[in-house]
Amino acid sequence: MSEPILELRGINKSFGAVHVLHDVDFTVRAGEVTALVGDNGAGKSTLVKCIAGIHPTDSGEVLFDGRQVSIHGPKDAADLGIEVVYQDLALCDNLDIVQNMFLGRERGKAGVLDEADMEQAARRTLASLSVRTVKSVRTPVAALSGGQRQTVAIAKAVLWDSKVVLLDEPTAALGVAQTRQVLDLVRRLAEQGLGVVLISHNMNDVFEVADRIACLYLGRMAAELPTKDVSHSQVVELITAGRSGDLGIARPDMAAV
Amino acid sequence: MSDTSAGTATTGDKNDERGPAPTGGEAGATAKNTAKGPDRSTDKATPSAAIADFGIDTTSQTTGEALRAYVARVRGGEFGSLPALLGLVVLLVVFSALSDSFLTLGNIANLLAQGTGTTIIAMGLVFVLLLGEIDLSAGTASGVTASVMALHLVRNGNLLSGMGTTVFYLFAAALVVAVVLALLLRVWIGAGLSAVALVIVLAGVPANPWVEMLLALCVGAAIGCITGFLVAKVGIPSFVVTLALFLAWGGVVLQFIGEGGTLGLRNDVLFAVANGNLSTAASWALFVVAAGGYAAVVLTRHFSRLRKGLVAQPTTLVAVRVGAVVVLGAAATYLLTLNRSVSNVVTISGVPYVVPIVLVLLVIGTFVLDRTRYGRHIYAVGGNKEAARRAGINVTQIRMSVFVICSSVAALGAIVYSSKVGSVDPNAGGGNTLLFAVGAAVIGGTSLFGGKGRIRDAVIGGAVLAIIQNGLGLLKQPAAVVSIVTGLVLLLAASVDALSRRRAAAAPR
Ligand SMILES: Nc1ncnc2c1ncn2[C@@H]1O[C@H](COP(=O)(O)OP(=O)(O)OP(=O)(O)O)[C@@H](O)[C@H]1O
Ligand SMILES: [Mg+2]
């Protein structure tokens, strides 16, 4: 088993009166794909946003590479080498593909942009993702199809020399071929030594690419297991009931409060 | 569709390449290549082959393709400045047909000076509109800067006696507050300019036309700091904040100048801003610098993009555009260097100073929005605030800063319109000033919904409004007609804006 690159301990997060994450422990290992599964509203996206520094956590600690870190904003996360593909993609419709990919991290000297450098780098990344349907890297994102936007969001995340990549339902809008490519990419990123987190509702995809599966049930971490130790039906049971045999949380019926 | 087949093709070789689960150093080495750099695709094919078979190969197009793409964009709802430019042509034709005096050199020069104040305020407003916000106080705020400037000039730098003790200290306190607020949100330029205003005011620097203009600019920045803080940090909708400040600043102007009073700007430099002209030689020098600079920048950039294999427009189109600018610039310069005086006693000739003033602001504004990180962030926040925040952009700071820019630029507009009439009265910046400025930006193609717009929109829209007012004036139409027509044109522009959004939303995904 490889080293944990990112470790969360006892994360709690509430939105006002709604307690969304309860004492969540979560580990991401370098060179492995960790699938994060759970029903709608289980808190997967919230957990990802806490890691990315979008939402401040109420309590709990975050360890990166064994060191305790505090992530106060998206910049902190990016500086650590954490990249996120958000479920809602977080793209600016009025900007083109290149501008979106480098948003917030534009290249250039003294505040003046180096468009040539950015355009070339963006094209190389997209080429490596085999994006064949986009006519030009200067197309505004508003003019792209849902799948193309998703690809841009993924390209934006893999453009950087990152250590951890979190993908929140990255294949939701993709066709068969593009889904295949994303799953391959997920595998490749892990093989390159990155810690990869994949959120997905598709059990086939999860079992195909994931080394470990973490299951959230109503904001609690029900189980975190190697893929080879669980079966399809066990995971489905963990997702829907929080418990499967001796796996899962002790009293899932109490968790609902 | 072709994407499916192409995608499947890659799937094949990607599957092969997955192989046994590697975790060792070798994989790490490939990792770096794959994460960045042109060698990314060496594991599949040569990089050039990969890029060639990758769909993005339309870095250059023929002129025909580019024109067709443009037509498609316009049909898709991206009108840009096109409606305003068409409107400009129509107005020019109509008014020159209806009025003999419209297309005279004297009137054209006069028109330029009349429209410049509004146009400059509109240029600042573009920054605010790009965020989908509005600054209704820009007009009366510009009035405040004009009145401070006039008061400082008339009282030879002694604002304490000019304003009265209480008002003076309140004014100074407001400047201090502006500095503090700007420092809090780290909008350095706002803090710096407000501090300069504070120094000029407290030190009682004697009157000097350049100091007056600097003071106006700095007071504008201070006003922007206060507006911006209330919108960006406190979180009051900009519509409400600036509506309240619109009223408040109107009162401040009245307080500074006094009911029924007028402060004359008796100073040659201040008078020349809107009423002076460049000499013939300087006019041509301006042409050489402006047109030559434009040609040099556009062509250098174009050929460097071609050389690097980046997305570029067809060379013919670029050449036509540069040629058109040079020819039109030369023609305009030639006409404006002719004598346009109606009497035989004096000669009036040369390009009015307002032209280089607008050009400089246009160049700076375009540079900031198109070429700098800050400008990119403005578009990003205007397009999707949450995405910008997640990209690590300091949204609060950006939102505050655009109000600082807007009010500072409005102060420059105030200098020009005050110079035009040679005095500042309690109505300065009030009335329709702001509405015309917003109208100019929107008519030019800046979206009220944020994220879309350019500085040149303000100039084009400003020209449309100036021509309408000037032309209807020449036709001896009453103020009622001018207002109604202007209102209808603005409505038309806003409809075009809304329509273009609808079309863009309905465009195929
Ligand atoms: N900004 C917010 N304010 C208030 N409540 C929120 C907010 N974001 C999420 N929640 C709540 O937190 C809970 C978890 O939401 P989250 O988006 O993390 O679910 P998820 O596991 O990603 O679901 P899905 O599979 O549908 O994407 C939900 O009950 C949701 O209503
Ligand atoms: Mg989610």
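Quick look at the structure, then.

Each value, and the rule that gives it
Residues numbered from 1 in each chain as written. Chains lettered and ligands numbered in written order. Predicted model: local features only at pLDDT ≥ 70, side-chain atom pairs only at ≥ 80, totals over all residues. Heavy atoms only, no water. Helix = DSSP H or I, 4+ residues; strand = E, 2+ residues; numbered from the N terminus. Buried < 20%, exposed > 50% of the residue type's maximum accessible area, 1.4 Å probe, protein only. Areas by Shrake-Rupley, 256 points an atom, 1.4 Å probe, with all protein chains shown as cover. Rg over C-alpha atoms; globule rule 2.2 N^0.38 Å. Contact = heavy atoms within 4.5 Å. Lys, Arg positive; Asp, Glu negative; His and termini not counted. Charge placed at Lys NZ, Arg CZ, Asp CG, Glu CD. Salt bridge = Lys/Arg side-chain N within 4 Å of Asp/Glu carboxyl O. Near = heavy atom within 4 Å. Polar contact = N/O pair within 3.5 Å; in protein donor to acceptor, adjacent residues only side chain to side chain. Nonpolar A, V, L, I, M, F, W, Y, C, P; charged D, E, K, R; others polar. Core = buried A, V, L, I, M, F, W, Y, C linked by side-chain atoms within 4.5 Å. Donors = N, O, S within 2.8 Å, 3.2 Å for Na, K, Ca; no water. Expected span 1.5 Å × (residues − 1). Pairing = 2+ DSSP bridges. Axes fitted to C-alpha atoms, helices over the stretch in contact; angles between N-to-C directions. Parallel < 35°, antiparallel > 145°, perpendicular 65-115°, else oblique. Left-handed = near helix turned anticlockwise from the far one by under 90°.

We now examine the overall build of chain B. Scanning chain B from terminus to terminus reveals 22 helices and two strands. A buried classification covers 47% of the 509 residues belonging to chain B. In the form shown here, chain B has an accessible surface area of approximately 23100 Å², with 67% of it arising from carbon and sulfur atoms.

On to the overall build of chain A. Scanning chain A from N- to C-terminus turns up nine helices and 14 strands. For chain A, whose C-alpha radius of gyration is 18 Å, the value lies close to the compact-globule estimate of 18 Å for 257 residues. Judged by the C-alpha coordinates and their principal axes, chain A covers about 55 × 40 × 35 Å. Across the 257 residues of chain A, 63% fall into the buried class. Across chain A, the fraction of contacts at a sequence separation of at least 24, relative to all contacts at a separation of at least 6, is 65%. Total accessible area on chain A is roughly 9300 Å²; 50% of this is exposed by carbon and sulfur atoms. Seen as two clouds, the 26 positive and the 33 negative side-chain charges of chain A have centres 4 Å apart.

This part takes up the pattern of salt bridges. Using the criterion set out here, one finds 21 salt bridges over all chains in the structure. In this structure, Arg-138 of chain A and Asp-96 of chain A form a salt bridge, with 3.0 Å as the shortest nitrogen-oxygen distance. In this pair, Arg-138 of chain A is assigned in the loop between α4 (115-128) and α5 (146-158) and Asp-96 of chain A in the loop between β6 (82-85) and α3 (97-101), connecting sequence segments 42 residues apart. Taking the relative accessible area as the measure of exposure, Arg-138 of chain A reaches 18% and is therefore buried. We note a salt bridge from Arg-399 of chain B to Glu-133 of chain B, for which the minimum N-O separation is 2.7 Å.

Residue and element names in this part refer to chain A. Close to ligand 1 lie 13 residues; Asn-40, Gly-41, Lys-44, Ser-45 and Thr-46 are nearest. For ligand 1, an oxygen atom lies 2.7 Å from a polar atom in the side chain of Lys-44. At a separation of 2.6 Å, an oxygen atom of ligand 1 approaches a polar side-chain atom of Ser-45. Alone, ligand 1 offers 640 Å² of accessible surface; in the complex the protein occludes 62% of this. Counting residues per element, the shell around ligand 1 draws most heavily on helix α1 (residues 44-52), at three residues. For the shell around ligand 1, the residue count by class is three nonpolar, seven polar and three charged.

Counting residues in hydrophobic clusters, the biggest one holds 156 residues, and the most contacted among them are Leu-6, Phe-26 and Ile-82 of chain A. Here this core gets 14 residues from one element, more than from any other, and that element is helix α11 (residues 209-234) of chain B. Apart from the residues within four sequence positions on either side, Leu-6 of chain A is in contact with Phe-26, Thr-27, Val-28, Ile-51, Val-62, Leu-63, Phe-64, Ile-82 and Val-164 of chain A. Counting 57 residues, the second largest nonpolar core, distinct from the first, contains Ala-122, Ala-153, Leu-159 and Ala-190 of chain A.

Residues and elements named next belong to chain A. The protein atoms that coordinate the magnesium ion (ligand 2) are Ser-45 (OG) and Gln-87 (OE1), at distances of 1.9 to 2.1 Å. Taken as a pair, Ser-45 in helix α1 and Gln-87 in the loop between β6 and α3 lie far apart in primary sequence, 42 residues in all. Residue classification places Ser-45 among the buried residues on the basis of a relative accessible area of 18%.

Bringing helix α10 (residues 188-203) of chain B into the picture now. Residues and elements named next belong to chain B. Taking 1.5 Å of rise per residue, the 16 residues of α10 would be expected to cover 22 Å, and the 22 Å separating its terminal C-alpha atoms lies within 8% of that figure. When α10 is considered as a whole, its buried residues turn out to be Gly-190, Ala-191, Leu-193, Ser-194, Ala-197, Leu-198, Ile-200 and Val-201. On its buried face, α10 sits against α7 (138-154), α8 (159-163), α9 (165-184), α11 and α19 (395-421). Just beyond α10, the residue with positive phi is Gly-204, at close to 60°.

Looking now at the environment of Ala-172 of chain B. Residues and elements named next belong to chain B. Structurally, Ala-172 is set in helix α9. Accessibility expressed as a relative area gives 7% for Ala-172, which makes it buried. Taking the C-alpha atoms as reference points, Ala-172 and Val-199, separated by 27 residues in sequence, lie 9.5 Å from one another. With residues near it in sequence (within four places) discarded, Ala-172 still touches Leu-198 and Leu-202.

What follows covers the side chain of Thr-227 of chain B. Residue and element names in this part refer to chain B. Tracing the backbone shows Thr-227 in helix α11. Given the relative accessible area of 0%, Thr-227 is considered buried. Among all residues touching Thr-227, those that are not within four sequence positions of it are Ser-137, Val-241, Thr-242, Leu-245 and Phe-403.

Side chains on a regular strand alternate between the two faces of the sheet. All names here are of chain A. Bridging between strand β1 (residues 4-15) and strand β2 (residues 18-29) involves eight bridges; their strand directions are antiparallel. In the strand pairing of β2, Ser-14 is matched with His-19. Joining the antiparallel neighbours β1 and β2 is a turn of two residues, in which Gly-16 adopts a positive phi near 60°.

Let us now look at the environment of Gly-64 of chain B. Relative to the assigned elements, Gly-64 of chain B resides in helix α4 (residues 63-75). The partly exposed category is assigned to Gly-64 of chain B, whose relative accessible area is 31%.

Residue and element names in this part refer to chain B. Axis separation between helix α6 (residues 105-130) and helix α16 (residues 354-371) bottoms out at 10 Å; the angle between their running directions is 10°. Looking at the two axes, α6 sits roughly parallel to α16. In this structure, α6 uses Leu-112, Ala-113, Thr-116, Ile-120, Met-123, Phe-127 and Leu-130 to contact α16, whose residues at the interface are Val-354, Val-355, Ile-357, Val-358, Leu-361, Leu-362, Gly-365, Val-368 and Leu-369.

Okay, the packing of helix α5 (residues 82-98) of chain B against helix α21 (residues 455-474) of chain B next. Residues and elements named next belong to chain B. Packing of α5 against α21 brings their axes to within 9 Å, and their N-to-C directions diverge by 20°. Regarding the angle of α5 to α21, the classification is roughly parallel. Pair α5 / α21 crosses with left-handed handedness. Contacts between α5 and α21 pair Ala-84, Leu-85, Leu-88, Leu-91, Leu-92 and Phe-95 from the former with Ile-460, Ala-463, Val-464, Ile-467, Ile-468, Gly-471 and Leu-472 from the latter.

Geometric descriptors of this kind do not, in isolation, establish any biological role.
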